[in-house]
Number of protein chains: 2
Amino acid sequence: MNLQREVILTRYDKGQVSEVSDVVVCEYPFTIYINGEETVTLVCSPESLDYLTLGYLLSEGIINKKTDIESVDINEEKGAAYVRLSEDAGNSPYFKRGRRPTKGCSGGTIFYNIYDFVQSKISDKKIQIHYKKILSLMEEFTTKSDTFRDTGGVHGAALSDGEKILIFNEDIGRHNAMDKVIGEAFAKDMVFEDKIILTSGRISSEMLIKAAKRNVSVMVSRSAPMDLAIRIGEEINLTTVGFVRGERMNVYTGKDRILFGE
Amino acid sequence: MNLQREVILTRYDKGQVSEVSDVVVCEYPFTIYINGEETVTLVCSPESLDYLTLGYLLSEGIINKKTDIESVDINEEKGAAYVRLSEDAGNSPYFKRGRRPTKGCSGGTIFYNIYDFVQSKISDKKIQIHYKKILSLMEEFTTKSDTFRDTGGVHGAALSDGEKILIFNEDIGRHNAMDKVIGEAFAKDMVFEDKIILTSGRISSEMLIKAAKRNVSVMVSRSAPMDLAIRIGEEINLTTVGFVRGERMNVYTGKDRILFGE
């Protein structure tokens, strides 16, 4: 399978707007079934899926030795691994513990209902924003983050009305930073529909869906959007803008919301 | 609470070795209980925990409106949020679905047994590696990753015997990349004890624990290690080396394994 695919995007670079092609990284939802039970869906790159399955089982303490496994069948088309454990492994502490899996700083648990979700299109509400505003918002956004400058280890997320940044939060995980922004806006009874979200991290499908669930229609990042995020962005008409740095930006989807020219 | 803390580390910078202090980002395990049931443990930055809780509940579809919540109590000391939902919310599709949470590309579900784990110390096996080897391994590591150069969206992980890179994998998630490396080494019956792991991503506590569970005693990254990873690294005597770039590196823990001088 392909690890990346080509997309056509609208690039702004120091006064020049052009349609160019570029490559984005593929996101591949991959579900591991253990003894017939759906255990976890990883969003990953579609290669070495057998090693990923084994490594996941090891890291989670589900297996410890080869004889713990009876079989591993990978179905690339379905994006699934079917694992059968031997009886020994079935008695491992992992299964006795009865605790739910937890998730890490930058993980998201949102993926499972993506296909339910994609049916609902972003409203056509005419939020439009000039590219110069995006550049200046990203500048404001970047200067807000002190922790990042010191340690290089924190992501920021922000909500903006297109004029200024209204809410800003940081976290070691980009999903957490975004959930903090969503939570704060919610607590303050703010409306999401006419806002844009900025993030320092990659726009993954999970990040995009978090935004879309709140009816936010523009997402802006310093980093790359990912393949599945772009597909969903196209599908539901959510604007994604990536690599906003200095005098540059790439508009991947929903470009009608971004105004170029003076 | 503090978002970052100061650590003393050994810095190599163009021929000079010195003890310096620097700041690292805090990692804070934060467990959300819903109606008395442990639901998820996020590893996050310890601020805006109320917003994080609300945002998480919204993003997961557990709540949709304020009246879905009866109360949210944050206990900072315990690292916990106790959420009581109103009866309406208890009937939401989330609870009816009966599906387990999934996790994202860069998430880890490994955290819950961290405290069980920390009791087991890394063996004192005398793996030692010269700093020049680390610099050259990182150079080899960096050139291996084509996808990253094209798209800026992929993490790499590798296993090395201190001389060369034996296994290399990439993924959109740094946890997945590392699990692929672990899985491949396992499939090939390789011994972990005398190896080092390289990663392009941050060394979080979860990444460190993945390594420690396999008895790997040296972890090397282009990026920052995080607070809790450093604490655990000290505790179990696992060597962490961060910001390995060009002619620089920082040794945070287990510095006896890194040989300086000619």
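Before any of the text, the structure's been laid out above.
Because the structure is a prediction, the values reported are computed rather than measured.

S.K.: Please clarify how the sheet that holds strand β6 (residues 80-85) of chain A should be interpreted in this entry.
M.R.: Backbone hydrogen bonds hold the strands of a sheet together, and the pairing may be parallel or antiparallel. Residue and element names in this part refer to chain A. Taken in spatial order, the four strands make up an open sheet running β4-β3-β6-β5, and their pairing is mixed. Each having just a single partner strand, β4 (37-44) and β5 (69-75) make up the two edges of the open sheet. On average, adjacent strands in this sheet sit at an angle of 15° to one another, irrespective of strand direction. Where strand β3 (residues 28-34) meets β4, seven bridges bridge the pair, whose relative direction is antiparallel.

S.K.: How do you make sense of the sheet that holds strand β8 (residues 155-160) of chain A when you look at a structure like this?
M.R.: All names here are of chain A. Taken in spatial order, the eight strands line up as β2-β1-β13-β12-β11-β10-β8-β9 in an open sheet, and their pairing is mixed. Edge positions in the sheet fall to β2 (16-25) and β9 (165-171), since each of these pairs with one other strand and no more. Adjacent strand axes in the sheet meet at a mean angle of 25°, parallel and antiparallel pairs treated alike. Across six bridges, the pairing between β8 and β9 is antiparallel. Among the inter-strand pairings, Ser 160 is bridged to a residue of β9, identified as Ile 165. Each of β10 (196-199), β11 (218-221) and β12 (239-245) touches helix α8 (residues 205-213); the most contacted strand, β11, lies at about 145° to it.

S.K.: Could you clarify how one ought to interpret the environment of A:Leu49 in this entry?
M.R.: Residue and element names in this part refer to chain A. With respect to the element layout, Leu 49 can be found in helix α1 (residues 49-59). Classification of Leu 49 as buried rests on a relative accessible area of 4%. Between the C-alpha atom of Leu 49 and that of Leu 198, which follows or precedes it by 149 residues, the distance is 32 Å.

S.K.: Would you explain the pairing of strand β1 (residues 4-13) of chain A in this entry?
M.R.: Looking along a regular strand, one sees the side chains alternate between the two faces of the sheet. Residues and elements named next belong to chain A. One ladder, built from ten bridges, connects β1 with β2; its direction is antiparallel. Paired with Tyr 12 across the bridge in β2 is Val 17. What sits between the antiparallel neighbours β1 and β2 is a turn of two residues, in which Lys 14 has the positive phi angle 45°.

S.K.: I'm lost on unusual backbone geometry in this one. Help?
M.R.: Trans is the common state for peptide bonds, and a negative phi is the common state for residues other than glycine. Residue and element names in this part refer to chain A. In the Ramachandran plot, Asn 35 falls in the positive-phi region, its phi being about 50° despite a non-glycine side chain. Within the fold, Asn 35 resides in the loop between β3 and β4. Within the chain, Ser 48 stands out as a residue other than glycine whose phi angle is a positive 55°. With respect to the secondary-structure elements, Ser 48 resides in the loop between β4 and α1. By relative accessible area, which is 21% here, Ser 48 ends up partly exposed.

S.K.: Which parts of the structure should I look at to understand the pairing of strand β6 (residues 80-85) of chain B?
M.R.: Residues and elements named next belong to chain B. Strand direction decides the pairing type here: strand β3 (residues 28-34) and β6, joined by four bridges, are parallel. By the bridge assignment for β6, Tyr 33 is matched with Tyr 82. The pairing of strand β5 (residues 69-75) with β6 spans six bridges and is antiparallel. The residue bridging Val 72 from the neighbouring strand is Val 83, located in β6. Linking β5 back to β6 in an antiparallel pair, the connection comprises four residues, with Gly 79 at a positive phi of about 65°.

S.K.: Would you mind going over the packing of α8(A) against helix α9 (residues 227-236) of chain A with me for this structure?
M.R.: For any two helices packed against each other, the geometry is given by the interaxial angle and the distance between the axes. Residues and elements named next belong to chain A. In contact at an axis separation of 8 Å, α8 and α9 are set at 30° when each is read in the N-to-C sense. By the angle class used here, α8 and α9 are roughly parallel. Together, Ser 205, Leu 208, Ile 209 and Ala 212 of α8 and Leu 228, Ala 229, Ile 232, Gly 233 and Ile 236 of α9 make up the contact between the two elements. Considering only residue class, the contact of α8 with α9 consists of seven nonpolar, two polar and no charged.

S.K.: Would you mind showing me how to read helix α1 (residues 49-59) of chain B here?
M.R.: The α-helix winds at 3.6 residues per turn, so residues separated by three or four positions along the chain end up facing the same way. With ten of eleven residues buried, α1(B) is to be regarded as a mostly interior element. Buried within α1(B) are the following residues: B:Leu49, B:Tyr51, B:Leu52, B:Thr53, B:Leu54, B:Gly55, B:Tyr56, B:Leu57, B:Leu58 and B:Ser59. Those residues of α1(B) hidden inside the fold are in contact with α7 (174-187) and α8 of chain A together with β3, β4 (37-44), β5 and β6 of chain B.

S.K.: Just checking my understanding: could you explain the pattern of salt bridges for this structure?
M.R.: Pairing between side chains of opposite charge can happen when the charged atoms of each approach one another. Residue and element names in this part refer to chain A. One pass over the structure, following the stated rule, counts 26 salt bridges over all chains. The shortest N-O distance in the salt bridge between Arg 231 and Asp 227 comes to 2.9 Å. Of this pair, Arg 231 and Asp 227 both sit in helix α9, four residues apart, which is roughly one turn of the helix.

S.K.: Please clarify how the environment of B:Arg231 should be interpreted in this entry.
M.R.: Residue and element names in this part refer to chain B. Since its relative accessible area comes to 40%, Arg 231 is described here as partly exposed. Expressed as a C-alpha distance, the spacing of Arg 231 and Ala 177, which sit 54 residues apart in the sequence, is 23 Å. Here the side chain of Arg 231 touches Asp 227 through a polar contact of 2.9 Å, side chain to side chain.

S.K.: I'm lost on the packing of aromatic side chains in this one. Help?
M.R.: Evaluation of the coordinates by the stated rule reveals twelve aromatic pairs over all chains. On the numbers, 6.1 Å between centres and 15° between planes, the contact of A:Tyr12 with A:Phe260 is stacked. Placement of A:Tyr12 in strand β1 and of A:Phe260 in the segment after β14 (258-259) is noted, with a sequence separation of 248 residues between them. Under the relative-accessibility criterion, A:Phe260 is labelled partly exposed at 25%. For the pair B:Tyr28 and B:Phe30, a centre-to-centre distance of 6.2 Å together with 25° between the ring planes defines the contact as stacked. Classification of B:Tyr28 as buried rests on a relative accessible area of 10%.

Criteria and cut-off values
- All chains use their own residue numbering, which begins from 1 and follows the written sequence.
- Each chain is given a letter, starting from A, and each ligand a number, starting from 1, according to the order in which they appear as written.
- Only residues with pLDDT of at least 70 are given local features in this predicted model, and only at 80 or more are side-chain atom pairs given and counted; all residues enter the totals for whole chains, interfaces and linings.
- The basis for the side-chain values is all heavy atoms of the structure; hydrogens and waters are excluded.
- Here a strand pair is declared whenever DSSP counts at least two bridges between the two strands.
- Helix numbering and strand numbering both begin at the N terminus, where a helix is a DSSP run of H or I of at least 4 residues and a strand a DSSP run of E of at least 2.
- Only C-alpha atoms enter the line fits that serve as axes; for helices the fit covers just the stretch in contact. Angles between N-to-C directions range over 0 to 180 degrees.
- We call two residues in contact when some of their heavy atoms are within 4.5 Å.
- For every residue, the accessible area (1.4 Å probe, protein chains only) is compared with the maximum for its type, and the residue is labelled buried under 20%, exposed over 50%, or partly exposed between those bounds.
- Roughly parallel means an angle under 35 degrees; roughly antiparallel, over 145; roughly perpendicular, 65 to 115; everything else is oblique.
- In the scheme used here, Gly and all other residues not listed as nonpolar or charged are polar, with Ala, Val, Leu, Ile, Met, Phe, Trp, Tyr, Cys and Pro taken as nonpolar and Asp, Glu, Lys and Arg as charged.
- Between Lys or Arg on one side and Asp or Glu on the other, a salt bridge is scored when a side-chain nitrogen of the former is within 4 Å of a carboxyl oxygen of the latter.
- N or O atoms within 3.5 Å of each other form a polar contact, as long as, within protein, one can give a hydrogen and the other can take it, and as long as residues adjacent in sequence are counted only when both atoms are side-chain atoms.
- Working definition: a ring pair exists when centres of Phe, Tyr or Trp rings (six-membered ring for Trp) sit within 6.5 Å. Plane angles under 30 degrees give stacked, over 60 give edge-to-face, the rest tilted.

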